Amino acid sequence: MPRIRMSRAAAAIAAVAATALVLSGCTKVDEGGAESAFPEKDIRLIIQANPGGGSDLSSRALATELEKILDVSVIPENMPGAAGALAMEYVGNQKADGYVIGFAPVEIAMLNTTQGAAVLPEEYDLLGQIMLAPGVVTVGADSGIDSLEALVEKAQAGAVTVANSGAGSIWEAATLGLGKAANADFSPVPYDGGATAVGAAASGETVAAVSGLGEALAQGDAVKILAVMNDERHPDAEDVPTVAEAIGEDVEFGGWGGIYAPKGLPDDVKKTLEDAVKKAVDSEEYQKFQKDAGNLVVYRDSAEWTSFVNDQFDLFKDLLG
């Protein structure tokens, strides 16, 4: 058989072609035509709470949309414990390659102060905020208190008990923040969850409660919602004023959440995940889920959310430290 000689140039071209052929089997092309190898395998989404709660359901709704966008499985894993610190510390210790991400609730800005946990916002890559559940102030329907102004006046004359979902919780912080802004003596009383806290106000066990809107609405006519702790009224309670409308003080607290990852993601991986989170939040299915859950769809990109979380960290350190 005759020997075929190949020039160096031809050999080089053949080698490049062979390499391209191999890479073509694992390289993805985004909408702009740029090549990206991420993701090549399933992504784990660590949830800091038990199945069935707000964090869990929001995470799973987002994961469903992320799968469609990234074309890989996004697998939710529940890792409850230590008010969320167990999951957040775990995520922080994983390899920063984008294949382990997590749902971060408001506690990511609180746990270092309230529990001394090794959870600091600066030690994570924050990819984007995906939801907000604003706080509300409620009293029992038979309390004789018809407005937030009346409740504040009562608390300026003497201590007023206010139920919340537990010591160190977002709703305890909201109670203290409202009292500080209004120069009122609100005394937080911890309960095992927001629903139980609102029930305490409904029965008269405490004068008032601070919780999420859904927990207050679940009590029906047993409570009166005095104000929402947001910059605008909630679409599910349009007759309820904001705190600013009720007493002229800009007080905003809520159970927000977003997606985060270990610190140090490669730039291309971080951009892919951030873009995917935004697309997922913008999807019709995710928007419908949050609306049905009584939450607000509030999106902040990585830079905006990082700044917001750092501000919240300083706020909670001042209130709870």
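Structure: above.
Just so you know, these numbers come straight off a predicted model, no measurement behind them. (Residues numbered from 1 in each chain as written. Predicted model: local features only at pLDDT ≥ 70, side-chain atom pairs only at ≥ 80, totals over all residues. Heavy atoms only, no water.)

A. The arrangement of a negative patch on the surface in detail. A surface patch of negative charge is lined by Asp231, Glu232, Glu249, Asp250 and Glu252. Inspection of the secondary structure puts Glu252 in the loop between helix H9 (243-247) and strand S11 (254-262). Exposure remark for Glu252: the relative accessible area of 36% places this residue in the partly exposed category. (Patch = residues over 30% accessible without salt bridge, like charges linked within 9 Å, V, L, I, M, F, W, Y side chains within 5 Å. Areas by Shrake-Rupley, 256 points an atom, 1.4 Å probe, with all protein chains shown as cover. Salt bridge = Lys/Arg side-chain N within 4 Å of Asp/Glu carboxyl O. Lys, Arg positive; Asp, Glu negative; His and termini not counted. Charge placed at Lys NZ, Arg CZ, Asp CG, Glu CD. Helix = DSSP H or I, 4+ residues; strand = E, 2+ residues; numbered from the N terminus. Buried < 20%, exposed > 50% of the residue type's maximum accessible area, 1.4 Å probe, protein only.)

B. A look at the pattern of salt bridges. One pass over the full model with this rule turns up nine salt bridges. The closest approach of N and O atoms between Arg44 and Glu77, which form a salt bridge, is 2.7 Å. With Arg44 in strand S3 (residues 43-47) and Glu77 in strand S4 (residues 74-78), the pair connects residues that are 33 residues apart, well separated along the chain. The partly exposed category is assigned to Glu77, whose relative accessible area is 25%. With a shortest N-O distance of 2.9 Å, Arg233 and Glu245 are connected by a salt bridge. Pair noted here: Arg233 is in the loop between strand S10 (223-229) and H9 and Glu245 is in helix H9, with a separation of 12 residues, a long-range link. When its relative accessible area of 36% is taken as the criterion, Arg233 is described as partly exposed.

C. Seen up close, the packing of aromatic side chains. If you walk through the whole model with that rule in mind, you get five aromatic pairs. Aromatic side chains Trp256 and Trp305 sit 6.1 Å apart centroid to centroid with 85° between the ring planes, which places their arrangement in the edge-to-face category. Of the two residues, Trp256 sits in strand S11 while Trp305 sits in helix H12 (residues 302-320), which places them 49 residues apart along the sequence. The class of Trp256 is buried, set by a relative accessible area of 2%. Judged by its relative accessible area of 0%, Trp305 is buried. An aromatic cluster is present here, built from Trp256, Trp305 and Phe308 joined pairwise through their rings. The ring of Tyr99 has Lys41 lying over it, and the distance from NZ or CZ to the ring centre is 4.8 Å. (Phe/Tyr/Trp six-rings, centres within 6.5 Å; stacked < 30°, edge-to-face > 60°. Lys NZ or Arg CZ within 6 Å of the ring centre and 35° of its normal.)

D. Broad picture of the side chain of Ser55. Structurally, Ser55 is set in helix H2 (residues 54-70). Here Gln48 takes part through its side chain, which lies 2.9 Å from a polar atom of the side chain of Ser55. Leave out the neighbours within four places in its chain, and Ser55 touches Ile47, Gln48, Ala49, Phe103 and Pro105. (Polar contact = N/O pair within 3.5 Å; in protein donor to acceptor, adjacent residues only side chain to side chain. Contact = heavy atoms within 4.5 Å.)

E. Geometry of the environment of Leu296. With respect to the helices, strands and loops of the structure, Leu296 is situated in the loop between helix H11 (284-292) and strand S12 (300-301). Between the alpha carbons of Leu296 and Trp256 there is a distance of 9.3 Å; along the sequence they are 40 residues apart. The contacts of Leu296, once residues within four sequence positions are left out, are Met131, Leu132, Pro134, Asn230, His234 and Pro235.

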